[in-house]
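# Fold and geometry: a report
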Amino acid sequence: MSPSSHSRRIWTLALAVGLTTCGTAATAVAAPSPAGPSPAPSAAAAARSAETYWTAERMAGAKPLDAGKATVGAGKTPAAGQAPASGPALVAPRTSLASGPALVAPRTSVASVAAPAPVGTPQGTYGDGIPMVGTFFSSDPTGTTYCTASVVQSPGRNLVLTAGHCAQGLAGRTQQIFVPQYRKGLDAAHQPYGVFPVERVFGDPRYTRNSTGPDSDLDVGFARLGPNSRGEQAETVTGGLRLTPTPRWTSTVTVVGYPGSHNTDQRALSCTVPTSRLSGQHQLQMKCGGFYGGTSGSPWIVGYDASARTGDIIGSLGGWNGGGTLTGEDWISYAPVFGSEVRALYQDAIADRTPVRTAYQRPSDSARLPGAASTWTHAKHLVSADFTGDGHDDLLTIWSDGEVSLYPGDGRGGFGAEQQLARSDSFWKRAVTVTAGEFSGTGKPDLMVRWDTGKLSYYEDFQAGGSGPEYTLGAGGSFWKYASQITAGRYASTDKAADLAVRWVDGSLSVYAGAGPSGPGTERRLMDAGSYWKYATALSSPRPAGQDRSTLLVRWSDGSLGSYATTGTDLGKGTRLQAPDPSWTDTAMTTGDLNGSGRPDDLVVRWSDGETSLYDGVGGDGPGAWTPLVNNG
């Protein structure tokens, strides 16, 4: 079905292995490490001072750090055109207070202004939380305050992530600490992992606290921690989340935070929900009840692994005017997209340097392919190669009804107007798996197809204006009917993409070296029948920077993405590039040179909901920087 209206690099710190979905059940608190390195005298003094100052009563009496925007005129009014097109027109920061009229009322504890949540809206669950998520506490003459934060992996094992407005709110305050997995009723010395003094806070200098302008995209902050009184760094005792670029608009996340109201026991609130795009903004939103003031900075986690104490953090609660609606809805929350700006701030925090920035330019979220996401759910096959002969790879789309569309690439991640190569109800609807390679040696792409009859053939020099002869490599009814996925790449050779990686229905995996007019090449079986490869749902063949051979990219049935440095004789070691996620299943994908790097290292994915994304520079550490091609909202 064709659209009727067809109107850099990943910076994941480490890779997930054996991740599981994070639930809302309570997590047991681990006992403190029995021993640790002796802290330096100044660090030990700071930690001991914090333990003395922060009594159980002081911590229990703290108010959300973002509660200071509860009065008329305290917050900035959004400029015209800046309000989200969905949800309340204006937003205000989170608070547990209920003061101020409706037009400026921030996140409240009394729902006199807030709209009730729609029927079926999830509600967060209270529990013990998870080890690496906790609260800031700080003090000034007006009293004690707090915000949510989470430990992120870092070389010094001493960084936490929070909202930018929380980081700014710490300025000028004293007795600043981070308390992982905070427990009401315990003083600082008896918290599960101790307390960690805040040594320095890092925020983007272009961000204005609780902004409603484009700079609200920068509502992210980091804090460097000193050791606890036992000399332990926070990540050493709690584990840490991997700071990961936001992979798309829709992901399933678990959000964990500490609300300041409707929470007399001051327990952690968690909720596992899908994200979506905050309309009109370069930000995410999620809908789940209970996220009152104090939850700013709450991590948005994909694939939390309780046993390994890690997971991928793809956002944190904050963003447009603090991350909550003006009228105080506790069930709508926002998060900035994690991209290059967050990466740069993270690097500043690691290097202990003051952030210096030029003017902020918000990334464009405009669709680069025509048509709605609902239409793109019918894109059955995606293939990338230079089908127009202009030196730029293009996107060939075979729709479920047999129509074939070509979108010429511009070499900068964009695409030109659709060219229809075949009408609907054509024989192309019988294609089961399709890939492009270099099988004839002419320098032009050839299109390999396995048909529903079991026939395997390829079309020589497949171009927008037509193709050369068809070569049959396997007759109808042959064993090729058992080939579930085929992708062409440089596996057994390093000069051209003439090798085929084939996943069979029985779970076996083969590489055929040197496909050409005379046959599919020489087979080498890499995995036997019954292997875990039966769970592979899509394959592709990127060639990352610095490599002569292709890697085998595989999307698994649980939504995770893996990469294998495969040769013609060896499968190689697998690397997980994305954790499992139920919203990432049932996808179509292809790789090509769509950003002009000179190698096919750009990944295009059509997700199950029709959202379509481009990832620039797939490599051994991740799929690459995300750009939306088709938005789902």
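Residues numbered from 1 in each chain as written. Predicted model: local features only at pLDDT ≥ 70, side-chain atom pairs only at ≥ 80, totals over all residues. Heavy atoms only, no water.

### Some details on the overall build of the chain
This is how the line gets drawn: Every helix listed is a DSSP run of H or I at least four residues long, and every strand listed is a run of E at least two residues long, numbered separately from the N terminus. Buried means the residue's accessible area, taken with a 1.4 Å probe over protein chains only, is under 20% of the maximum for its type, while exposed means over 50%, and partly exposed covers the values in between.
On a plain count of helices and strands, the chain comes out with six helices and 36 strands. Scored against the burial criterion, the 633 residues of the chain give a buried share of 59%.

### A look at helix α5 (residues 340-351)
The condition is simple: A helix is expected to span 1.5 Å for every residue after the first. For this quantity, the arc is that covered by the directions from the helix axis to the C-beta atoms.
Under the 1.5 Å per step criterion, the end-to-end length of α5 is 16 Å for 12 residues, consistent within 8% with the ideal 16 Å. All of the buried residues in α5 are V342, L345, Y346, D348 and A349. Angular distribution of buried residues about the axis of α5 spans 155°; they occupy a single face of the element.

### Here we look at the sheet that holds strand β34 (residues 602-606)
As a general point, the strands of a sheet are linked pairwise by backbone hydrogen bonds and lie either parallel or antiparallel. Basically, it comes down to this: Strands were regarded as paired on the criterion that DSSP finds at least two bridges between them. Every angle, taken between N-to-C directions, lies between 0 and 180 degrees, and every axis is a line fitted to C-alpha atoms, over only the stretch in contact when it is a helix.
Taken in spatial order, the four strands of this open sheet run β33-β34-β35-β36, and their pairing is antiparallel. Edge strands, defined here as strands with exactly one partner in the open sheet, are β33 (588-592) and β36 (625-630). Here the average twist between neighbouring strands, direction ignored, is 20°. In this sheet, β36 lies alongside strand β35 (residues 612-616) in antiparallel orientation, the contact comprising five bridges. Within the sheet, the bridge partner assigned to T612 lies in β36 and is V630.

### Re the state of the cysteines
The cut-off we apply is this: The definition used for a disulfide is geometric: two cysteine sulfur atoms within 2.5 Å.
All told, the structure shown has two disulfides when counted by the stated rule. Covalently, C147 is tied to C166 through a disulfide, its sulfur atoms 2.0 Å apart. Its S-S torsion of about -55° marks the bond between C147 and C166 as left-handed, since a negative value means left-handed. Of the two residues, C147 is situated in strand β4 (residues 143-152) and C166 in helix α3 (residues 164-169); the sequence distance between them amounts to 19 residues.

### Quick look at the environment of F387
For clarity, the cut-off: We call two residues in contact when some of their heavy atoms are within 4.5 Å.
With respect to the element layout, F387 can be found in the loop between β17 (379-385) and β18 (394-399). With a relative accessible area of 1%, F387 lands in the buried category. Separated by 60 residues in sequence, F387 and L447 place their C-alpha atoms 10.0 Å apart. Excluding its chain neighbours within four sequence positions, the residues that come into contact with F387 are D394, L396, L406, A436, P445, L447, F462, Q463 and A464.

### As for the pairing of strand β27 (residues 509-513)
Of all five residues in β27, four are buried; the element is thus mostly enclosed. Hairpin geometry of strand β26 (residues 499-504) and β27 is characterised by an intervening segment of four residues between the two adjacent antiparallel strands and by a positive phi of about 95° at G507.

### With respect to the confidence of the model for the chain
Note the cut-off: The pLDDT score gives, residue by residue, the confidence of the prediction method on a 0 to 100 scale.
Scored by pLDDT, the chain has a mean of 87; 86% of the residues are at 70 or more. The model gives residues 1-39 a pLDDT under 50, and that stretch makes 123 contacts with residues more than four places away or in other chains. Here residues 67-112 scores under 50 on pLDDT; set against residues more than four positions off or in separate chains, the count is 132 contacts.

### Considerations on a nonpolar patch on the surface
To keep things clear, this is the line we draw: Patch membership needs two things, relative accessible area over 30% and no salt bridge, and members are linked within 9 Å if like-charged or within 5 Å if nonpolar (Val, Leu, Ile, Met, Phe, Trp, Tyr). Accessible surface is estimated by sampling points in the Shrake-Rupley manner with a 1.4 Å probe; for residues, cover comes only from the protein chains shown. The term salt bridge refers to a side-chain nitrogen of Lys or Arg lying within 4 Å of a carboxyl oxygen of Asp or Glu.
Where nonpolar side chains cluster on the molecular surface, the patch consists of F479, Y482 and V505 and spans about 310 Å² of accessible area. As for its position among the elements, V505 is in the loop between β26 and β27. On the basis of relative accessibility, which here comes to 46%, the residue V505 falls in the partly exposed class.

### Thoughts on the pattern of salt bridges
One pass over the structure, following the stated rule, counts 24 salt bridges. For R357, the salt bridge goes to D348, with nearest N and O atoms at 2.8 Å. The class of D348 is buried, set by a relative accessible area of 5%. R525 serves as the salt-bridge partner of E523, at 3.2 Å between the closest nitrogen and oxygen. Assessed through its relative accessible area of 35%, E523 is described here as partly exposed. Residue R525 is classed as partly exposed on the basis of its relative accessible area, which comes to 39%. Ionic contacts of the salt-bridge type, sharing partners, join the residues D204, R206, E341, D348, R353 and R357 into one network.

### Concerning the packing of aromatic side chains
Centre-to-centre distance and the angle between the planes together describe a pair of aromatic rings. The cut-off we apply is this: Note on aromatic contacts: the rings of Phe and Tyr and the six-membered ring of Trp form a pair at centre separations within 6.5 Å, being stacked when their planes are under 30 degrees apart, edge-to-face when over 60 apart, and tilted otherwise.
Counted by the stated rule, this structure contains 26 aromatic pairs. When the ring of F439 is compared with that of Y458, the centres are 5.2 Å apart and the planes differ by 55°; the resulting orientation is tilted. Here F439, found in the loop between β21 (431-437) and β22 (446-451), pairs with Y458, found in strand β23 (residues 456-459); they are 19 residues apart in sequence, far enough to count as distant. Aromatic side chains F479 and W504 sit 5.9 Å apart centroid to centroid with 45° between the ring planes, which places their arrangement in the tilted category. Pair noted here: F479 is in the loop between β24 (470-474) and β25 (483-489) and W504 is in strand β26, with a separation of 25 residues, a long-range link.

### Looking at the sheet that holds strand β10 (residues 252-257)
With mixed pairing, six strands are arranged side by side in an open sheet as β2-β11-β10-β14-β15-β9. The open sheet has two edge strands, β2 (125-127) and β9 (242-243), and neither has a second partner. Where β10 and strand β14 (residues 299-305) come together, two bridges link them in antiparallel fashion. Within β14, the residue paired with V255 across the bridge is W300.

### Considering the nonpolar core
Across soluble globular proteins, nonpolar side chains have a tendency to be buried as a group. Rules: Only buried residues count toward a nonpolar core. Its members are Ala, Val, Leu, Ile, Met, Phe, Trp, Tyr and Cys residues joined through side-chain atoms within 4.5 Å.
Within the largest apolar cluster, 51 residues are counted, with the highest numbers of intra-cluster contacts made by F136, F137, F222 and L243. Here the element with the most residues in this core is β4; it accounts for five residues. Discounting chain neighbours no more than four positions away, the residues touching F136 are T145, Y146, C147, A149, V160, T162, L170, I177, F178, V198 and A223.

### A look at the environment of A379
Within the secondary structure, A379 is located in strand β17. You can call A379 buried: its relative accessible area is 0%. Measuring from C-alpha to C-alpha, the distance between A379 and S400 comes to 6.3 Å, with 21 residues separating the pair along the chain.

### A look at the side chain of T238
Note that T238 resides in helix α4 (residues 234-238). In contact with T238, not counting residues within four places along its chain, are P131, M132, V151, P180, Y193 and R309.

### Quick word on unusual backbone geometry
For Q181, which is not glycine, the phi torsion reads 45° and is therefore positive. Relative to the assigned elements, Q181 resides in the loop between β6 (174-180) and β7 (196-203). Of note in the backbone geometry, D352 takes a positive phi value of approximately 60° without being a glycine. Relative to the elements of secondary structure, D352 occurs in the loop between α5 and α6 (373-376). You can call D352 partly exposed: its relative accessible area is 37%.

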